[in-house]
Amino acid sequence: KIGSKTQLPRGPTVFESAGVRIVLAPPIKQRAQERGGNFVTLGPRRVVMPAGFDETRRMLERHGVACAVLDVSEYLRAAVGPACFTGIVQRDAVP
């Protein structure tokens, strides 16, 4: 209820209870670096991300994420990244 003292669970607590590890992105050094997080998750620990965001890629790889890197520079010039130009990717549940 609005105005009640009941609090919603914190985001990380909900994810962590489901076995999801939360990894914080590196600090943004340039405004353009924000697009390094514009990736598409292909499956557990597998993403497609734009080229040129090496700090973000290295951080993901340190946490066991395989990164397929694509040159999407022309799309980025139009403020569009992989998550924007990819339709919904259907994935099978992982046992």
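This write-up is about the structure you can find in this document.

**Topic: the pattern of salt bridges**
In step 1: If you walk through the whole model with that rule in mind, you get 2 salt bridges.
In step 2: Between arginine 57 and aspartate 54 there is a salt bridge, with its nearest N and O atoms 3.6 Å apart. Here arginine 57 pairs with aspartate 54, and both are found in helix α2 (residues 54-62), just 3 residues apart, close to one helical turn.
In step 3: The shortest N-O distance in the salt bridge between glutamate 61 and arginine 57 comes to 2.8 Å. Note that glutamate 61 and arginine 57 are positioned in helix α2 at a spacing of 4 residues, about one turn of the helix.

**Observations regarding α2**
In step 1: Among all positions of α2, only Thr56, Met59 and Leu60 are buried. Viewed end-on, α2 has its buried residues packed into an arc of 100°, placing them on one side of the element.
In step 2: Tucked inside the fold, the buried residues of α2 contact β2 (46-50) and β3 (66-70).
In step 3: After α2 finishes, the residue glycine 64 shows a positive phi value of roughly 85°.

**Looking at a nonpolar patch on the surface**
In step 1: A contiguous nonpolar surface patch, about 390 Å² in accessible area, is contributed by Phe15, Val20, Ile22 and Leu24.
In step 2: A relative accessible area of 39% places valine 20 in the partly exposed class.

Conventions used here
- Residues numbered from 1 in each chain as written.
- Predicted model: local features only at pLDDT ≥ 70, side-chain atom pairs only at ≥ 80, totals over all residues.
- Heavy atoms only, no water.
- Salt bridge = Lys/Arg side-chain N within 4 Å of Asp/Glu carboxyl O.
- Helix = DSSP H or I, 4+ residues; strand = E, 2+ residues; numbered from the N terminus.
- Buried < 20%, exposed > 50% of the residue type's maximum accessible area, 1.4 Å probe, protein only.
- Arc of directions from axis to C-beta.
- Contact = heavy atoms within 4.5 Å.
- Patch = residues over 30% accessible without salt bridge, like charges linked within 9 Å, V, L, I, M, F, W, Y side chains within 5 Å.
- Areas by Shrake-Rupley, 256 points an atom, 1.4 Å probe, with all protein chains shown as cover.

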